[in-house]
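Chain by chain, the residues run as shown.
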Amino acid sequence: MVIFIFQGIWLFIDDLAGKGLGMVIIGKFIFYFIPTLVDKVLPLTVLLSSILTFGAFAENYEFAAMKASGISLQRGMRSLIIFVLFLGVVTFFFANNVIPKSEQKMFNLRRNIAKVKPAAAITEGVFSDFEGTGEGMNIKVDKKHGDQDRFLDNVIIHKKTAQNINNTVIKAKSGELISSEASDIIQLVLKDGNYYEDVMPKDAKERRKQPFAKSNFETYTINIDISELNDHDLEEDQNITTNKMKNVGRLIKDIDSLRENNLEKVEAFSKNVVNRMGAFPFKSPRDSTLKNLQLIEPEESNENRLDTIQTIDDFIGSLEKWEQVQVMKKAQNEVTSILNTVKSKKNELQSRYKFYNSHILSLHQKYALALSCIILFFVGAPLGAIIRKGGLGLPMVVAIMLFLTYYFIGVFAGNYAKEGNIHPAIGAWLPTLIMLPLGISLTRRATADKGLVGFGHFIDRIKSIFKKKDKDAEEQ
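Residues numbered from 1 in each chain as written. Predicted model: local features only at pLDDT ≥ 70, side-chain atom pairs only at ≥ 80, totals over all residues. Heavy atoms only, no water.

Looking only at helices and strands, one finds 17 helices and 6 strands in the chain. Relative to its full complement of 476 residues, the chain shows a buried share of 32%. Once local pairs closer than 6 in sequence are excluded, the contacts in the chain between residues at least 24 apart make up 66%. For the chain, the exposed surface amounts to about 31,100 Å²; the carbon and sulfur share of it is 58%. (Helix = DSSP H or I, 4+ residues; strand = E, 2+ residues; numbered from the N terminus. Buried < 20%, exposed > 50% of the residue type's maximum accessible area, 1.4 Å probe, protein only. Contact = heavy atoms within 4.5 Å. Areas by Shrake-Rupley, 256 points an atom, 1.4 Å probe, with all protein chains shown as cover.)

Take a look at the structure:
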């Protein structure tokens, strides 16, 4: 756990270091971060501890003494099997209740830190939102430096209107954030830059000319009111937004609603496309009140009733040249418009189904995590008895290799499942199902006192085949 905590601290060091947060807030962040590591740490812990324990038993000939006393390997493992089964139940409870709450707490703490500490809200190289301030804006900087990252290089600001439209762009070579604990105003002082603003005149004709204003400045100061943010609670829980923050009950409920919502979106879009194309016309239902009435229709000759146009070429041929050009251009424009609509909708539906698949994946991963602890015990315990080595040498190497295999299979399978290449349930269970036959095989070999990789029975089988052929030849 300590190793993974240090790895996590390096991941979030930019969000925590040099922001003036204090040890209490950093300690809370690490405390909320620890439970999220259980899905990685616990399987490795079970695997490594079982290999070390049973490897030490075998190295010190404890198993030989146990078997001489009439105690089999399964009987010696019985108490640990009961413990591991109990551990699997506790792990599922932890994954279902503690980890989602911890993910939610950590997510909200990071977001609220960014709101209370504006310097933390600005990320280098990307546009960052200043949420909750009177000055709605997006800020991008190339580099932050100085005390608490107050100095900014190459600043680009998009100011938002009341309609959330970016009509103003400000570019400056440098900037500085000036704040005081006694004031609710943060000053953003920009130096050596340009100011661009799209002018929106009331006259429609003037608006078509797309006028804008441009000015240069040596120093430009923007006052940001953060009075609302200063009263913000760092422990405030916002809405649950990601699948990692949900327990089994919430995931099952959201999976059903997401599936129904996605089907409605697909059906509505398909009907819209079909109606725009007009390729599959359907007959309107007949009026039931006219079912038994005989309508009097004017007599027409059979020649007038027959449609002489049978194909598209006949239709095009019946038109004038300029009409043909109009029909072709209109058809081309309609097809292009429909294709663009389908492409844009495809990206939206892919993101929707990726979100839906991630929920199914998280649901099955909670069950797979509990079962993986049990299966990895049956991999590590017989493996330790076979290799007959204790300590942190060979057992550590073998455990890390097995865990990396298990972990990377899980990562690749999870990514494939989110993209829809495989079913999310298979993506969650695949690494556990791969380890299951390995555990069964190792347990059988350890019970029969066989080595890790034995080629003796293959050689004996080959020798027996040749001996049988020689015997048959002599008899003939």
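Note that strand β2 (residues 137–145) and strand β3 (residues 151–160) share 8 bridges and pair antiparallel. Bridging from a neighbouring strand, I139 pairs with I157 of β3. Here β3 runs beside strand β4 (residues 166–178); their pairing, made up of 9 bridges, is antiparallel. Counted as the bridge partner of K160 is N166 from β4. (Pairing = 2+ DSSP bridges.)

Note that strand β1 (residues 128–129) and β2 share 2 bridges and pair antiparallel. Note that in β2 the partner of D129 across the bridge is N138.

To continue, consider the pattern of salt bridges. As enumerated under the stated definition, the model contains 7 salt bridges in all. Across the salt bridge formed by R259 and D256, the nearest N and O atoms sit 2.9 Å from each other. In this pair, R259 and D256 are both assigned in helix α11 (residues 248–277), 3 residues apart and thus about one turn of the helix distant. With relative accessibility at 36%, the residue D256 sits in the partly exposed group. E348 is the partner of R352 in a salt bridge, and the nearest nitrogen-oxygen pair spans 3.5 Å. Of this pair, R352 and E348 both sit in helix α14 (residues 321–387), separated by 4 residues, roughly a single helical turn. With relative accessibility at 30%, the residue E348 sits in the partly exposed group. (Salt bridge = Lys/Arg side-chain N within 4 Å of Asp/Glu carboxyl O.)

The subject of this paragraph is helix α3 (residues 23–33). What α3 keeps buried is the set I25, F29, Y32 and F33. Seen from one end, α3 has its buried residues packed into an arc of 105°, which puts them on one side. Exposed residues pointing more than 90 degrees away from the buried face of α3 are listed as M23, V24 and F31. (Arc of directions from axis to C-beta.)

Another aspect to go through is the packing of aromatic side chains. Tallied over the entire structure, the rule returns 11 aromatic pairs. With a centroid separation of 5.4 Å and an interplanar angle of 80°, the aromatic rings of F377 and F378 are classed as edge-to-face. (Phe/Tyr/Trp six-rings, centres within 6.5 Å; stacked < 30°, edge-to-face > 60°.)

What follows deals with the packing of α11 against α14. Relative orientation of the contacting elements α11 and α14 amounts to 165°, with a least axis distance of 10 Å. As summarised for this structure, α11 and α14 are arranged roughly antiparallel, according to the angle between their axes. The handedness of the crossing between α11 and α14 comes out as left-handed. (Axes fitted to C-alpha atoms, helices over the stretch in contact; angles between N-to-C directions. Parallel < 35°, antiparallel > 145°, perpendicular 65-115°, else oblique. Left-handed = near helix turned anticlockwise from the far one by under 90°.)

L47, F54, F63 and F377 are the most contacted members of the largest nonpolar core, which totals 47 residues. Broken down by secondary-structure element, the contributors of at least two residues to this core are α1 (2–11), α3, α4 (38–59), α5 (62–68), α7 (78–116), α14, α15 (394–419) and α16 (424–447). Per-element accounting of this core gives the leading share, 12 residues, to α14. Not counting the four nearest positions on each side in its chain, F54 is found in contact with F63, L73, M77, L80, F377, A381, G384 and A385. (Core = buried A, V, L, I, M, F, W, Y, C linked by side-chain atoms within 4.5 Å.)

When pLDDT drops low, the exact placement of atoms in the prediction is not to be read closely. Averaged over the chain, the pLDDT score is 78; the fraction of residues at 70 or greater is 78%. Across the chain, the secondary-structure element scoring lowest on mean pLDDT is helix α10 (residues 227–230), at 49, and the one scoring highest is α16, at 87. (pLDDT = per-residue confidence, 0-100.)

One way to put it is that α15 packs onto α16 with a least axis distance of 7 Å and a crossing angle of 155°. When the axis of α15 is compared with that of α16, the two are roughly antiparallel. In the packing of α15 onto α16, the handedness of the crossing is right-handed. Residue-level inspection shows L402, Y406, I409, G410, A413, G414 and A417 of α15 in contact with α16, the latter providing P424, G427, L430, P431, T432, I434, M435 and L438. Tallied by class, the residues present in the contact of α15 with α16 amount to 11 nonpolar, 4 polar and no charged. (Nonpolar A, V, L, I, M, F, W, Y, C, P; charged D, E, K, R; others polar.)

What follows covers the environment of S372. Counting through the fold element by element, S372 comes out in helix α14. When the C-alpha atoms of S372 and D39 are compared, they prove to be 9.8 Å apart, with 333 residues separating the residues in sequence.

Let us look at the environment of A56. Here A56 is to be found in helix α4. Exposure remark for A56: the relative accessible area of 26% places this residue in the partly exposed category. Residues A56 and R388, 332 residues apart in the sequence, show an inter-C-alpha distance of 6.8 Å.

Take the side chain of S50 next. Mapped onto the elements of the fold, S50 is located in helix α4. For S50, a relative accessible area of 4% puts it in the buried group. Within the structure, the side chain of S50 is placed 2.9 Å from the backbone oxygen of V46, a separation counted as a polar contact. (Polar contact = N/O pair within 3.5 Å; in protein donor to acceptor, adjacent residues only side chain to side chain.)

We now examine a nonpolar patch on the surface. A contiguous nonpolar surface patch, about 500 Å² in accessible area, is contributed by I400, L404, F408, F412 and Y416. Considering the arrangement of structural elements, one finds Y416 in helix α15. (Patch = residues over 30% accessible without salt bridge, like charges linked within 9 Å, V, L, I, M, F, W, Y side chains within 5 Å.)

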